[in-house]
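What follows is each chain in one-letter form.
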Amino acid sequence: MVKFATTQLDEVAVTGYAVRTAGARSSDDFWSVLDTGRCTIGTVEPDRWATESFLHPDPAMAGTIYTPAAGQIDGVWNFDPGFFGISPREALQMDPQQRLLTEVVWEAIEAAGLSRKSWDKDRTGVYIGASSSDYSTHFAGNPRAVDAQHELSV
């Protein structure tokens, strides 16, 4: 997330941002990855999905993958729901993108030097880029794991 402060109609200032990408858990890590040109692609971890269930050598085969490699974000299971006033049960069923987004937005707000009290007075925007929601595959094989806290779109 980036916080913009406008000074005139045609000027924008970035006052706080946070980054979470493959190989980078912070904005400092992100700039290091860019600076060194380090490859952040790795093998898909079993807690993300069972690659053997989807692996197929033909890239044109629908519904499959042809490589067990991906750019993955670390720490998707290290979310502290209590910090954000979320119940542990709800947190377990939140899409990892939503958990990460919650953490990254908080980090960006801190980086901007904003306090909770100032949010009502500041003109603050949250801009989000996200894609792919493979988390539903985690629950798709076990309908009993889905309850009122979970939104499943298959």
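These numbers were taken from a predicted model, which means no experiment stands behind them.

**Student:** Could you give an account of the overall build of the chain, naming the residues involved and the relevant values?
**Tutor:** Helix and strand counts for the chain stand at five helices and four strands. Listed by position from the N terminus, the elements making up the chain come as β-β-α-β-α-β-α-α-α. The buried share of the chain, taken over its 154 residues, is 25%. Across the chain, every contact between residues at least 6 apart in sequence was considered, and the portion connecting residues at least 24 apart equals 51%.

**Student:** Mind laying out the packing of aromatic side chains, listing which residues take part and the relevant values?
**Tutor:** Under the criterion given, the structure shown has five aromatic pairs. Ring geometry for Phe30 versus Trp31: centroids 5.4 Å apart, planes at 65°, classification edge-to-face. Clustering of aromatic rings is evident, with ring pairs tying together Phe79, Phe83, Phe84 and Trp106.

**Student:** Talk me through helix α4 (residues 96-111); I want residue IDs and the actual numbers.
**Tutor:** Relative to the 22 Å expected for 16 residues at 1.5 Å per residue, α4 spans 22 Å between its end C-alpha atoms, a close match to the ideal helical length. Within the sequence span of α4, burial applies to Pro96, Arg99, Leu100, Glu103, Val104, Val105, Trp106, Ala108 and Ile109. In this structure, the buried side of α4 is in contact with β2 (11-17) and α3 (88-93). The positive-phi residue at the C-terminal boundary of α4 is Gly113, with phi of around 75°.

**Student:** Describe the side chain of Ser27, naming the residues involved and giving the relevant values.
**Tutor:** Topologically, Ser27 is positioned in helix α1 (residues 27-36). Filtering out sequence-adjacent residues up to four positions away, Ser27 remains in contact with Tyr17 and Val19.

**Student:** Let's hear about the environment of Ile86: which residues, and what values?
**Tutor:** Among the structural elements, Ile86 can be located in the loop between β4 (69-71) and α3. In this structure Ile86 touches Phe79, Pro81, Ala91 and Met94, once residues within four positions along its chain are discounted.

**Student:** Please set out the pattern of salt bridges residue by residue, giving values where relevant.
**Tutor:** A complete count under the given rule lists two salt bridges for this structure. The partner of Arg20 in a salt bridge is Glu103, and the shortest N-O contact between them spans 3.2 Å. With Arg20 in the loop between β2 and α1 and Glu103 in helix α4, the pair connects residues that are 83 residues apart, well separated along the chain. We classify Arg20 as buried; its relative accessible area is 11%. Overall, Glu103 belongs to the buried group, its relative accessible area being 13%. For Arg20, the salt bridge is made with Glu107, and the minimal N-O distance between the two is 2.4 Å. One end of the pair, Arg20, is in the loop between β2 and α1; the other, Glu107, is in helix α4, and 87 residues separate them in sequence. In this structure Glu107 comes out as partly exposed when scored by relative accessible area, which is 28%.

Definitions and cut-offs
Residues numbered from 1 in each chain as written. Predicted model: local features only at pLDDT ≥ 70, side-chain atom pairs only at ≥ 80, totals over all residues. Heavy atoms only, no water. Helix = DSSP H or I, 4+ residues; strand = E, 2+ residues; numbered from the N terminus. Buried < 20%, exposed > 50% of the residue type's maximum accessible area, 1.4 Å probe, protein only. Contact = heavy atoms within 4.5 Å. Phe/Tyr/Trp six-rings, centres within 6.5 Å; stacked < 30°, edge-to-face > 60°. Expected span 1.5 Å × (residues − 1). Salt bridge = Lys/Arg side-chain N within 4 Å of Asp/Glu carboxyl O.

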